[in-house]
Amino acid sequence: MTDIALGALVGFVTGLHIASWGMYKDAPHEGFTWRTWVRSPIVAAVAAAALVALTSIDPTTPAGLFVLFAVTYGTERAVVEVYKSFFRSEDQSKYTIPMQFAIRGRVVESVAARWAAGVAYVVVGLLVLWGVYLLEGVDLGLHPILIVLIVASPGGWISAFGGAWKDAPIEGFHTFKFFRSPFVSFSYGVLVATLTDSYPFIFLGSIGLTVATIETYKTFFFPDRPRGKFQGKEPGFPEMLRRRQRVVPLFVSIWLAVLVCLALALTGSPDGLLLGG
């Protein structure tokens, strides 16, 4: 198997992980369709193959596999969430909190305005990523932990401000939720930085692991608590409350494989930014 094919396989499994918690939390309200189910595996497989082809990620090592999983997770989530927020047109009546771009809780109905906002959002995100990349060539004279703070935190703050923009007009502002993503993102940045010295990988990987962890916590630790976007709405497909249990073994198996890969990477002479890589 070529490295690119292996990368695509890792990406597909990463996408299955995303699709599993997505189906578990949404299917009772939206139903199940294969088109929605396979979206994340396909996007993640393409993203991972491109990452292997165009960057220095080596999918044949435990450290490379773990970093690829994390970076692919972050990339897929960025692509799909931007698409759903700005470029997809969907009936929002089924949601308590709009999933399309909204201002003060009111959906922006103009397609042109939403697309313009989406393009601006993508440009800003790419500029942040480009800035992180450019920092690699600059001697900041800082302790590596401070460098990780600078590199890993922006993704958490983007998530925090984006979540507050979307949720606060409906749910109110929650201080804990606002600061949760930046803190978790930095913590995962420290972990990823033990395995790679690539600033963009630390940036994207910390985002991916933050999403994976927070979504696992919200979805499977509180399975009977409706998501904010469905708050106050009865499940339209109650049979999915039973059928969704089928994805749990797959989801857990992927997590276990990722954790084993991480353990092997950490015990196999990791050589990242924090260890003098």
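This text goes with the structure placed above it.
Note that the coordinates shown come from a computational prediction; the quantities given were computed from them, not determined experimentally.

Colleague: Can you break down the pattern of salt bridges residue by residue, with the values?
Modeller: This structure, assessed with the given rule, holds six salt bridges. The residue Glu-90 makes a salt bridge to Arg-88 at a minimum N-O spacing of 3.0 Å. What makes Arg-88 buried here is its relative accessible area of 16%. Taking the shortest distance from any N to any O, the salt bridge between Lys-218 and Glu-215 comes out at 3.9 Å. Here Lys-218 and its partner Glu-215 are both found in helix α7 (residues 199-220), three residues apart, which amounts to about one turn of the helix. Glu-215 gets classed as buried once you look at its relative accessible area, which sits at 13%. Here the residues in one salt-bridge network are Glu-76, Arg-77, Glu-81 and Lys-84, joined through shared partners.

Colleague: How would you summarise the nonpolar core if you had to cite specific residues and measurements?
Modeller: Judged by nonpolar contacts, the single largest core of 46 residues is most densely connected at Phe-66, Leu-68, Val-151, Ile-202 and Leu-273. Of all the secondary-structure elements, those providing two or more residues to this core are α1 (3-30), α2 (34-54), α3 (62-87), α5 (144-171), α6 (175-193), α7 and α9 (248-267). Of all the elements, α1 adds the most residues to this core, at eight residues. Not counting chain neighbours up to four residues away, the residues in contact with Leu-68 comprise Gly-7, Val-10, Ala-48, Leu-51, Val-52, Ile-57 and Pro-59.

Colleague: Could you give an account of the packing of aromatic side chains, with specific residues and numbers?
Modeller: Here a ring pair, both rings aromatic, is described through the centre-centre distance and the interplanar angle of the planes. By the definition in use, this model includes 15 aromatic pairs. On the basis of an interplanar angle of 50 degrees and a centroid distance of 6.2 Å, the ring pair of Phe-32 and Trp-37 is categorised as tilted. Since its relative accessible area comes to 13%, Trp-37 is described here as buried. Counting every residue linked through ring pairs, the aromatic cluster contains Phe-86, Phe-87, Phe-101, Trp-115 and Tyr-121. Its end group placed over the ring of Tyr-24, Arg-244 keeps NZ or CZ at 4.0 Å from the ring centre.

Colleague: Tell me about a nonpolar patch on the surface, and please be specific about residues and values.
Modeller: A surface patch of nonpolar side chains, about 440 Å² in accessible area, is lined by Val-138, Leu-140, Leu-142, Leu-146, Leu-149 and Ile-150. Here Ile-150 is to be found in helix α5.

Colleague: An account of the environment of Val-148 is needed here, citing residue identities and associated values.
Modeller: With respect to the element layout, Val-148 can be found in helix α5. By relative accessible area, Val-148 is classed as buried at 0%. Measuring from C-alpha to C-alpha, the distance between Val-148 and Val-247 comes to 35 Å, with 99 residues separating the pair along the chain. In this view, Val-148 contacts Ser-153, Phe-186, Gly-189, Val-190, Ala-193, Leu-273 and Leu-274; residues no more than four positions away in its chain are not counted.

What counts and how
Counting starts from 1 at the beginning of each chain's written sequence and moves along it residue by residue. Side-chain atom pairs in this predicted model are given and counted only at pLDDT of 80 or more, local residue features only at pLDDT of at least 70, and totals for whole chains, interfaces and linings cover all residues. Hydrogens and waters are ignored; side-chain quantities use all the structure's heavy atoms. Criterion for a salt bridge: a side-chain nitrogen of Lys or Arg within 4 Å of a carboxyl oxygen of Asp or Glu. Partly exposed describes any residue whose relative accessible area lies between the buried limit of under 20% and the exposed limit of over 50%, with all areas from a 1.4 Å probe on protein chains only and scaled to the type maximum. Under the scheme used here, helices are H or I runs from DSSP no shorter than 4 residues and strands are E runs no shorter than 2 residues, and both carry numbers assigned from the N terminus. Residue types Ala, Val, Leu, Ile, Met, Phe, Trp, Tyr and Cys, when buried and joined through side-chain atoms within 4.5 Å, form a set referred to as a nonpolar core. Every residue pair with non-hydrogen atoms within 4.5 Å of one another is taken to be in contact. Centres within 6.5 Å are what make two rings of Phe, Tyr or Trp a pair, Trp counting through its six-membered ring; a difference in plane orientation under 30 degrees is then read as stacked, over 60 as edge-to-face, and the rest as tilted. We count a charge as sitting over a ring when the NZ of a lysine or the CZ of an arginine lies within 6 Å of the ring centre and within 35 degrees of the ring normal. Exposure above 30% relative accessible area and the absence of a salt bridge qualify a residue for a patch, where like charges join within 9 Å and nonpolar side chains (Val, Leu, Ile, Met, Phe, Trp, Tyr) within 5 Å. Only the protein chains shown count as cover for residues, and the accessible areas themselves come from Shrake-Rupley with a 1.4 Å probe.

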